[in-house]
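# Secondary and tertiary structure notes
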Amino acid sequence: FEPEIPEVTEEQIDQVVDQLRDQQATLIPVEDRPAAKDDFAVISFEGRRDGQVVEGAQSERFPLVIGNERMIPGFEENLIGMAEEEEKTFTVTFPEDFPNEDRRGDSEELSISLKSRRTMELPDLTDDFAKSLGEFDTLEDLTSRIREALQKDADRRAEEAVRSRLLDLVLDANPFEVPDSMVKRYLESVLGEAKGLDEEKLEELRSSLRPEAERAVKRIL
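This text gives an overview of the structure that appears in the document. (Residues numbered from 1 in each chain as written. Predicted model: local features only at pLDDT ≥ 70, side-chain atom pairs only at ≥ 80, totals over all residues. Heavy atoms only, no water.)

Another point: the overall build of the protein. From N to C terminus, the protein includes 5 helices and 5 strands. The order of helices and strands in the protein, counted from the N terminus, is α-β-β-β-β-β-α-α-α-α. Whereas a compact globule of 221 residues would reach a radius of gyration of roughly 17 Å, the protein reaches 25 Å, over 25% beyond that. Taking the principal axes of the C-alpha coordinates as reference, the protein spans close to 70 × 60 × 20 Å. In the protein, which comprises 221 residues, the proportion classed as buried is 26%. Taking all contacts inside the protein whose residues are at least 6 apart in sequence as the whole, residues at least 24 apart take part in 60%. Between the averaged position of the 30 positive side-chain charges in the protein and that of its 56 negative side-chain charges there is a distance of 4 Å. (Helix = DSSP H or I, 4+ residues; strand = E, 2+ residues; numbered from the N terminus. Rg over C-alpha atoms; globule rule 2.2 N^0.38 Å. Buried < 20%, exposed > 50% of the residue type's maximum accessible area, 1.4 Å probe, protein only. Contact = heavy atoms within 4.5 Å. Lys, Arg positive; Asp, Glu negative; His and termini not counted. Charge placed at Lys NZ, Arg CZ, Asp CG, Glu CD.)

Here's what the structure looks like:
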């Protein structure tokens, strides 16, 4: 097998450069306009269901970037256009893919207040920006090093994929049974953070993950 190594694209390099610019951005207070997408905001909020405050659904100073979709649908959109210290109440519905299954489809009334907002001022793409990041003399030097790092990562992932495929072929050609105790230990290590679930759900998880756990143990052996 020969690894299929993808070429690093200019888009990938630009994405890394954009991330570096975000890390070096300066937060500037906003005074002449209402809150907008991409603003860094600090808010207070309180969630209520059936007139009662929902436990854990409140904060006096909660930071977020408007439009990053960190919150449930409908939350961040309502911040757009708000003025500082303005208050607003609206209803949101938890999506069907919400991590907490018990909350999926539930509606909750939210009261929010915008405490402050700032906008990110990104540094210009100059040689000085490159120098501020470390041992780079020019912007071209920076992008060249990024390209080199991305290509090395692509090479590594391609070779790992080949090794994984070869190992699968070896396992398929040489079937064998693995000790049940090893499979159980592997499952318990994987489910370590899920032990808060009830036993019935845990057993369902064990059953669904068992084939992959057996495969993983075989690969280890």
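Once that is clear, we can look at the side chain of arginine 206. By the secondary structure assignment, arginine 206 is in helix α5 (residues 199-220). Given the relative accessible area of 18%, arginine 206 is considered buried. Within the structure, arginine 206 has its side chain in polar contact with the side chain of glutamate 188 (distance 3.1 Å). Once you skip the residues sitting within four places of it in the chain, arginine 206 turns out to touch Leu187, Glu188, Leu191 and Glu199. (Polar contact = N/O pair within 3.5 Å; in protein donor to acceptor, adjacent residues only side chain to side chain.)

What follows deals with a negative patch on the surface. A cluster of acidic side chains, namely Glu11, Asp14, Asp18 and Asp22, defines a negative patch on the protein surface. With a relative accessible area of 54%, glutamate 11 lands in the exposed category. (Patch = residues over 30% accessible without salt bridge, like charges linked within 9 Å, V, L, I, M, F, W, Y side chains within 5 Å. Areas by Shrake-Rupley, 256 points an atom, 1.4 Å probe, with all protein chains shown as cover. Salt bridge = Lys/Arg side-chain N within 4 Å of Asp/Glu carboxyl O.)

This part is about the nonpolar core. In terms of nonpolar packing, the biggest core is built from 17 residues, with Ile43, Phe45, Phe75, Leu79 and Ile112 touching the most fellow members. For this core, the secondary structure elements donating two or more residues are β2 (40-49), β3 (52-65), β4 (87-93) and β5 (107-121). Ignoring anything within four residues of it in the chain, the contact list for phenylalanine 45 reads Ala57, Gln58, Ser59, Phe62, Phe75, Leu110, Ser111 and Ile112. Counting residues in each nonpolar core, the second largest holds 9 residues, with Val17, Leu20, Ala130 and Phe136 among its members. (Core = buried A, V, L, I, M, F, W, Y, C linked by side-chain atoms within 4.5 Å.)

Turning next to the pattern of salt bridges. In the structure shown here, the tally under the stated rule is 22 salt bridges. Notably, a salt bridge pairs arginine 163 with glutamate 159, separated by 3.5 Å at the nearest N-O pair. One end of the pair is arginine 163 and the other is glutamate 159, both in helix α3 (residues 139-173) and 4 residues apart, which spans about a single turn. The class for glutamate 159 is partly exposed, based on a relative accessible area of 39%. A salt bridge links glutamate 214 to arginine 210, with the shortest nitrogen-to-oxygen separation between them at 3.1 Å. Taken together, the residues span about one helical turn, with glutamate 214 and arginine 210 both in helix α5 at a distance of 4 residues. A relative accessible area of 27% places arginine 210 in the partly exposed class. When salt bridges that share partners are traced, they join Arg49, Arg103, Asp106 and Glu108 into one network.

This next bit is on the packing of helix α4 (residues 180-190) against α5. Here α4 crosses α5 at 115°, and the two axes come no closer than 9 Å. As far as their axial angle goes, α5 and α4 are roughly perpendicular. For α4 against α5, the interelement crossing comes out right-handed. Contacts between α4 and α5 involve Asp180, Met182, Val183, Tyr186, Leu187, Glu188 and Val190 on the former and, on the latter, Arg206, Leu209, Arg210, Ala213, Glu214, Ala216, Val217 and Ile220. Counted by class, the contact of α4 with α5 contains 10 nonpolar, no polar and 5 charged residues. (Axes fitted to C-alpha atoms, helices over the stretch in contact; angles between N-to-C directions. Parallel < 35°, antiparallel > 145°, perpendicular 65-115°, else oblique. Left-handed = near helix turned anticlockwise from the far one by under 90°. Nonpolar A, V, L, I, M, F, W, Y, C, P; charged D, E, K, R; others polar.)

Moving on to a nonpolar patch on the surface. Together, Leu27, Met120 and Leu122 make up an exposed nonpolar region whose accessible area comes to about 210 Å². Mapped onto the fold, leucine 122 is located in the loop between β5 and α2 (127-132).

Along an α-helix, a turn takes 3.6 residues, which lines up residues three or four apart on a common side. The axis of α5 is deflected most strongly, by about 50°, at arginine 210, and proline proline 211 appears within four residues downstream. Here α5 has its buried residues at Leu202, Arg206, Ala213, Ala216 and Val217. (Bend = angle between axes of the 7 residues up to and from the residue.)

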